[in-house]
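# Coordinate inspection notes
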Amino acid sequence: MLASRIAGIGGYVPPRCVTNKELEQVLDTTDEWIQQRTGIQTRHWVAPEVATSDLALEAAKLAINDAKIKVTDIDMIIMATSTPDHDVPGAGCFLQAKLGLPGVPYFEVKQACSGFVYGLSLADQFIKTGHKKCILLIGVELQSKLLDMTPRGRGVSVIFADGAGAAVITPTDVQNPEKDSYVMSTTLHADGAFAKELWIPAPGTAIGPQKCMPGMIESGDVYLQMNARYVFSHAVTKMPAVMLESLEQAKKKMEDVDLFFFHQANMRINEKVAEDLKIPREKIHNTIHKFGNTTAATIPLGMWDALQEGKLKRGQLIGVAAFGAGFTWAGAVFRY
Ligand code: UT7
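About the criteria used
- Residues numbered from 1 in each chain as written.
- Predicted model: local features only at pLDDT ≥ 70, side-chain atom pairs only at ≥ 80, totals over all residues.
- Heavy atoms only, no water.
- Helix = DSSP H or I, 4+ residues; strand = E, 2+ residues; numbered from the N terminus.
- Contact = heavy atoms within 4.5 Å.
- Polar contact = N/O pair within 3.5 Å; in protein donor to acceptor, adjacent residues only side chain to side chain.
- Buried < 20%, exposed > 50% of the residue type's maximum accessible area, 1.4 Å probe, protein only.
- Pairing = 2+ DSSP bridges.

### Quick notes on the environment of Arg314
Relative to the assigned elements, Arg314 resides in the loop between α11 (298-308) and β12 (317-324). Those residues in contact with Arg314 that lie beyond four places of it in its chain are Arg5, Ile6, Ala7, Gly8, Ser181 and Tyr336. Of note is the side chain of Arg314, whose polar atom sits 3.3 Å from the backbone oxygen of Ala7.

This is the structure:
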């Protein structure tokens, strides 16, 4: 059976580590509030000259190395990000040039926190149809340059962070479905009725005669707006539901899974998901305490982190689920 598999993983966070104490200086917040309400202790933010595609490049190099392929083997790039280098063209285009891959096509996936899982599904389809042989899939986010660093933004700005995770996806001929590495299921959902519960209103073509207008910065419309409790309540129901759906599609049970990676928005969300699905603590790999919420990067960055710790191993059955802006939510089950 022709399927896709994850041949390599990479992850990267910029060197600058930002503590909660540092945020106390500007955001009318406290280390205690941030830790209690979110579980975050530190996060990483870029230096001013760094762009999204630079973060992606670092993670990509590690994934290429891990997969033991040559850069020139890559025949497609899928970049999941909601914070591209520029509005147009997509950040994948800048990464493609930095990797030196002229002619290789790229897609931009803009499903925010669910972006990596959406991208995995896209990669899986291209591989299974035989259309592509080596896809570089990236989840990357550079949030620190679009945070409202005034007390008005404290509910959002303490959470978000910068980082990248990458995976090389290649074809495999599955001989033994109980042992071989392959992607078994991907499940995707969206509901645009909730688009304005978690969004950046401006600049935008829907808000007036011009996309960019004076006063947008002052009004706060250029910053992420989040109906925090509402988003929270949807995250704790949609993530377990999509995880179960993906398992059912893969014909696997909860207890078959060796390791879970859930989107990292808030430790309280993940504790609730674990409780509802009755998952033992040691089967979930969380990174929110050290990396914060890196949106599309949280799942591949978590996988890379687990790989470094020796927790993620070949042959394990992996369950992933994410929820974010859109609303979008998505899950996948694969043998690593
Ligand atoms: O990744 C995309 C998906 N995103 C999510 O899933 C995020 C979901 N939401 C959350 O994680 C949580 O709702 C937050 C961590 C964002 C907020 O936690 P919360 O417990 O829901 O707090 P809240 O927004 O209801 O605010 C509670 C109180 C308010 O004060 P009053 O009105 O009770 O006096 C806020 O003004 O906490 C205050 N507050 C803060 N205080 C100190 C809000 N942000 C802060 C802050 N520091 N940073």
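### Comments concerning the pairing of strand β1 (residues 2-12)
Burial analysis of β1 places eight of its 11 residues in the buried class, which makes it a mostly covered element. Alignment of β1 against strand β7 (residues 162-173), held across 10 bridges, turns out to be antiparallel. Each bridged residue has a counterpart across the sheet, and for Gly11 the counterpart in β7 is Gly165.

### Focus: the side chain of Asn293
Relative to the helices and strands, Asn293 resides in the loop between α10 (288-291) and α11. Polar contacts involving the side chain of Asn293 include one to the main-chain amide nitrogen of Thr295, which spans 2.8 Å. Every residue in contact with Asn293, bar those within four places of it in the chain, is listed here: Ile159, Phe160, Ala161, His263, Gln264, Ala265, Ile288 and Thr298.

### Quick look at unusual backbone geometry
A cis amide bond links Val88 to the next residue, Pro89, at an omega of -5°. Tracing the sequence through the fold places Pro89 in the loop between β4 (76-80) and α4 (91-99). Residues Gly326 and Phe327 are joined by a peptide bond in cis, for which omega reads -15°. Within the fold, Phe327 resides in the loop between β12 and β13 (328-335). Positive phi, normally seen in glycine, also occurs at Lys68, with a value near 55°. Relative to the assigned elements, Lys68 resides in the loop between α3 (52-67) and β4. The backbone of Lys251 shows a phi angle near 60°, a positive value even though the residue is not glycine. With respect to the helices, strands and loops of the structure, Lys251 is situated in the loop between α8 (228-250) and β11 (259-262).

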